[in-house]
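Listed below are the residues making up each chain.
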Amino acid sequence: MAAQRVAEDVARGTKQTARVRVAVRLRPYMHMQDQKGEGACVRRLDTETLEIINWRNATETLQYQFDVFHGEETTQQEVFLSSVKPILPHLLKGQNASVFAYGPTGAGKTHTMLGSQEQPGVIPRAVRGVFNLVKAKEREHEGWDYSIGMSYLEIYNEKVLDLLSPSAQDLPIREDKDRNILIPGLTYTPLSSFSNFHSHFIPASLNRTTASTKLNQRSSRSHAILLIKVVRTQRNPPHRQQTGKLYLVDLAGSEDNRRTGNKGIRLKESGAINLSLFTLSKVVDSLNAGGGGRVPYRDSKLTRLLQDSLGGSSHSVMITNIAPEYTYYFETFTALNFAAKSKQIVNKPFVRETVTVPSVQVKRSREEHEAGQSGEPQKKKLKDVKKTSQEDPTPPAQLHSPTDPSVLNRLMALEKLLMGTPVKERLNMHREIQELKEKQREFESKAKVLKVTGNGATRNSSDNGSSGDSPLFRTYLPPLHRKQSAAAKPKKQQAVVSPLQVSQLQPLQQCPVVKRPTVCLMKKQKYLEQSEVQEGKENVKDTGWESHLDKSVLDQSRHKILQVLNSGSLKDLKGLQQIGDKKAKLILGWREIQGSFTQLEDLTNIEGITAKRLSSFIKANILSMMGT
């Protein structure tokens, strides 16, 4: 079976294009950010138009028109229904879609994409919408099977990091023969329901890099990209398979380091963020310029991953977040200009489909071609013909026949094989045919001589009326012996082996065999003995330390540890013994999903905490509390 890629213009007969849809969302006015009391610099005119004060002339305003404008009072549900929900059905048709939030730091991008528990953002609503669409399709019984999976990554300081597997290092970005962007080694997790997605997404979101700046208490220091993959497969032949991908991108905001007060590592992070966003702006300018020039997708990891969203083959929506305060004026002005340029980008979506078609075997093997239609190798067939001629020699009674059957069979076999034989092998076969023909002529001439002599002897005996015992007609010539054919080779003289004479021998004396152990074996045995002794000592220590403590003190310490696990912050959890940053985040994620811990033994539900590590954790923390 072979796979075939079917484009949408081939499947439908028309070539489809889709412009990048741009939505602008205005964050509510915050008095804390407006220290001078200058008011708002942006005003809404209608559902698609807004105006901003011209910084060159304060008496004038600049107007921008987009696909939709979300004012300060717009809810998360309205943003999702008007901007994101219309592109989700394309996933079930084998097409790609992408939604990414753009804007300056502190403008509300993460709130738009993630939201809160009371007001979920675009990401949870979009994933829930995908599951609802799949369930609706399955109820229609159209003959398709659906599967959904996710991957989650961040771009931090130009490094691609896997948020589902924090231990992974910088991942490479590759491109296949169909120009699809791939990330080898990125974790892909199948999903069965929205709750299953939530259990993976919340702990992974805690792995994202964030920090505090002067403009934002929880500023994103990396670009986060969530990939939702929908694959539907046809149950009946030709078993078509369509793959749609949804990219949900939360971009880090552009920063003015003079205002954010970034220093040290924060300054390095800000430089990487601004550089990638500047490259994104160059990509938009190159796409709008046209002319088939080079588009600098490869100049940064961000634009490399957004290659399909901008000028590629997906249905794209960009949500530009802006702030109304005058302190954000130049950031807002730059974001609106970028959004206006992005609105002109045109993508070309197509259906990513593979169709299984029966493969036809055209090329035959070389040996089959040489042997004609029989499929038997040429040299093997020649050997078989020679072998039959050797095993079945011509009987002596047929010597006097005008033709020898063995020679005729050999000639016929060679003539048949001559038709499909290469030129080099034909010369050898021609020589063999000539030799066989000469032998055939010798057989025919001898047969004629024998026939003539036999007829003359019969005629003379009948004329004289004498018996064959008469001495006149007695021949003293020795009888003719059958000449051995050239095809039958003489048998080789076999060696005669005399039977083995067994004599009674004395049994061998058994010698003692001494096996000396190698140095490696001795060291290994010694190491195992020492490890067993140490394990025995540790087990004695672990089982005996609780007996030396008062039961009330022990219960009180366990209660304190349980209280920190249920109500402690990330810093409090990291203050516990044997609890690092990764385990603290996993405990927080588990607590948000499952609720409080009822007992310390519930920690074994956390990934990486076994029963042995739990006992060591309890011992270390109780002894630490008693020491303090």
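Residues numbered from 1 in each chain as written. Predicted model: local features only at pLDDT ≥ 70, side-chain atom pairs only at ≥ 80, totals over all residues. Heavy atoms only, no water.

Visitor: I'd like a rundown of the overall build of the protein chain, residues and numbers included.
Guide: A tally of helices and strands in the protein chain yields 18 helices and 19 strands. Relative to its 628 residues, the protein chain shows a buried fraction of 38%. Considering only residue pairs separated by 6 or more positions, the protein chain has 68% of its internal contacts joining residues 24 or more positions apart. Carbon and sulfur atoms make up 54% of the accessible area of the protein chain, which amounts to about 38,700 Å² in all. (Helix = DSSP H or I, 4+ residues; strand = E, 2+ residues; numbered from the N terminus. Buried < 20%, exposed > 50% of the residue type's maximum accessible area, 1.4 Å probe, protein only. Contact = heavy atoms within 4.5 Å. Areas by Shrake-Rupley, 256 points an atom, 1.4 Å probe, with all protein chains shown as cover.)

Visitor: Provide a residue-level description of helix 17 (residues 581–594), including the pertinent values.
Guide: The terminal C-alpha atoms of helix 17 lie 20 Å apart, and with 14 residues this matches the ideal 20 Å at 1.5 Å per residue to within 8%. Residues of helix 17 that are buried: Ala-584, Lys-585, Leu-586, Ile-587, Leu-588, Gly-589, Trp-590 and Arg-591. Buried positions along helix 17 lie against helix 5 (194–206), helix 15 (551–567) and helix 16 (570–574). (Expected span 1.5 Å × (residues − 1).)

Visitor: Could you give me a rundown of empty space enclosed by the protein, with the residues and numbers involved?
Guide: Throughout the structure, instances matching the rule amount to four cavities of 30 Å³ or more. Taken as a whole, the second largest cavity spans an internal volume of roughly 40 Å³. Looking at the second largest cavity, the residues that line it are Ile-155, Tyr-156, Asn-157, Glu-158, Arg-221, Ser-222, His-223, Ala-272, Ile-273 and Ser-276. If you list the elements that add at least two residues to the lining of the second largest cavity, you get strand 8 (144–156) and helix 7 (265–289). Per-element tally for the lining of the second largest cavity: the top contributor is helix 7, with three residues. Partitioned by chemical class, the residues of the lining of the second largest cavity number four nonpolar, four polar and two charged. (1 Å grid on protein atoms, 1.4 Å probe; cavity = no way out; pocket = protein on both sides within 12 Å on 5 of 7 lines; lining within 4 Å. Points joined across faces, edges and corners; volume = space filled by probe spheres on them. Nonpolar A, V, L, I, M, F, W, Y, C, P; charged D, E, K, R; others polar.)

Visitor: Talk me through the packing of helix 7 against helix 9 (residues 329–342); I want residue IDs and the actual numbers.
Guide: Where helix 7 contacts helix 9, the two axes come as close as 9 Å, and the packing angle between them is 40°. Relative to helix 9, the crossing made by helix 7 is left-handed. Contact residues: Leu-280, Ser-281, Val-284, Asp-285 and Asn-288 in helix 7; Phe-338, Lys-341 and Ser-342 in helix 9. Broken down by class, the residue content of the contact of helix 7 with helix 9 amounts to three nonpolar, three polar and two charged. (Axes fitted to C-alpha atoms, helices over the stretch in contact; angles between N-to-C directions. Left-handed = near helix turned anticlockwise from the far one by under 90°.)

Visitor: Account for the packing of aromatic side chains, naming residues and giving values.
Guide: What the rule picks out here adds up to nine aromatic pairs. For the ring pair Tyr-64 and Phe-66, a centre distance of 6.2 Å and an interplane angle of 5° mean the geometry is stacked. Residues Tyr-64 and Phe-66 agree in their burial class; the two are buried. Aromatic side chains Tyr-329 and Phe-330 sit 5.3 Å apart centroid to centroid with 85° between the ring planes, which places their arrangement in the edge-to-face category. Among the aromatic side chains, those forming a connected cluster through ring pairs are Trp-55, Tyr-329, Phe-330 and Phe-333. (Phe/Tyr/Trp six-rings, centres within 6.5 Å; stacked < 30°, edge-to-face > 60°.)

Visitor: Explain the pattern of salt bridges to me, using residue names and the numbers behind them.
Guide: One pass over the structure, following the stated rule, counts 18 salt bridges. For Asp-145, the salt bridge is made with Arg-235, and the minimal N-O distance between the two is 2.8 Å. Of this pair, Asp-145 sits in strand 8 while Arg-235 sits in the loop between strand 15 (223–234) and strand 16 (241–250), and the two are 90 residues apart along the sequence. Salt bridges linked by common partners bring Glu-175, Arg-298 and Arg-304 together as one network. (Salt bridge = Lys/Arg side-chain N within 4 Å of Asp/Glu carboxyl O.)

Visitor: Can you lay out the environment of Phe-131 for me, pointing to particular residues and giving the numbers?
Guide: Along the chain, Phe-131 falls in helix 4 (residues 122–139). Judged by relative accessible area, Phe-131 falls into the buried class, the value being 8%. A sequence separation of 60 residues divides Phe-131 from Leu-191, and the C-alpha atoms of the two residues are 9.7 Å apart. Setting aside residues up to four positions removed in sequence, Phe-131 forms contacts with Ile-148, Leu-191, Ser-192, Ser-193 and Phe-194.

Visitor: Describe the confidence of the model for the protein chain, with residues and values.
Guide: For the protein chain, per-residue confidence averages 76 on the pLDDT scale, and residues scoring 70 or more make up 68% of the total. The secondary structure element of the protein chain with the lowest average pLDDT is helix 1 (residues 8–12), at 44, and the one with the highest is strand 12 (residues 189–191), at 95. Here residues 7–14 is modelled with pLDDT under 50, and outside its nearest four sequence neighbours on either side it reaches 14 contacts, counting other chains as well. Within the model, the stretch residues 367–379 combines pLDDT values under 50 with 21 contacts to residues more than four positions away or in other chains. (pLDDT = per-residue confidence, 0-100.)

Visitor: Before we move on, could you go through helix 4 and cite the residues and values that matter?
Guide: Compared with an ideal rise of 1.5 Å per residue, which puts 18 residues at 26 Å, helix 4 spans 26 Å between its outermost C-alpha atoms and is within 8% of the ideal. What helix 4 keeps buried is the set Val-122, Ile-123, Pro-124, Arg-125, Ala-126, Val-127, Gly-129, Val-130, Phe-131 and Val-134. One or two residues past the end of helix 4 sits His-141, with phi positive at roughly 55°.

Visitor: Please give an account of the environment of His-200 that cites residues and values.
Guide: The residue His-200 is located in helix 5 in this model. On a C-alpha basis, the gap between His-200 and Tyr-152 in space is 9.7 Å, while along the polypeptide they are 48 residues apart. With near-sequence residues (within four places) excluded, His-200 lies in contact with Met-150, Leu-164, Thr-189 and Leu-191. Engagement of the side chain of His-200 in a polar contact is seen with the side chain of Asn-196, the distance being 3.3 Å. (Polar contact = N/O pair within 3.5 Å; in protein donor to acceptor, adjacent residues only side chain to side chain.)

Visitor: Explain the pairing of strand 17 (residues 314–322) to me, and be specific about the residues and the numbers.
Guide: Judged by how many residues are buried, strand 17 sits mostly within the fold: nine of nine residues are covered. Taken together, the six bridges between strand 2 (residues 21–26) and strand 17 define a ladder with parallel strand orientation. Each residue of the ladder has a partner; that of Leu-26, found in strand 17, is Ile-322. Two strands pair when backbone bridges link them, and strand 7 (residues 96–102) and strand 17 are joined in this way by seven bridges, in the parallel orientation. (Pairing = 2+ DSSP bridges.)

Visitor: Before we move on, could you go through the nonpolar core and cite the residues and values that matter?
Guide: Formed by 44 residues in total, the largest nonpolar core has its most connected members in Leu-50, Phe-66, Tyr-102, Leu-153, Leu-280, Leu-305 and Leu-336. Considering every element that reaches this core, the biggest residue donor is helix 9, with six residues. Other than its neighbours up to four places away in sequence, Leu-280 contacts Tyr-102, Leu-251, Thr-303, Leu-306, Leu-310 and Phe-338. Core analysis: the next-biggest nonpolar cluster, separate from the first, contains 38 residues, Ala-97, Val-134, Ile-148 and Val-317 among them. (Core = buried A, V, L, I, M, F, W, Y, C linked by side-chain atoms within 4.5 Å.)

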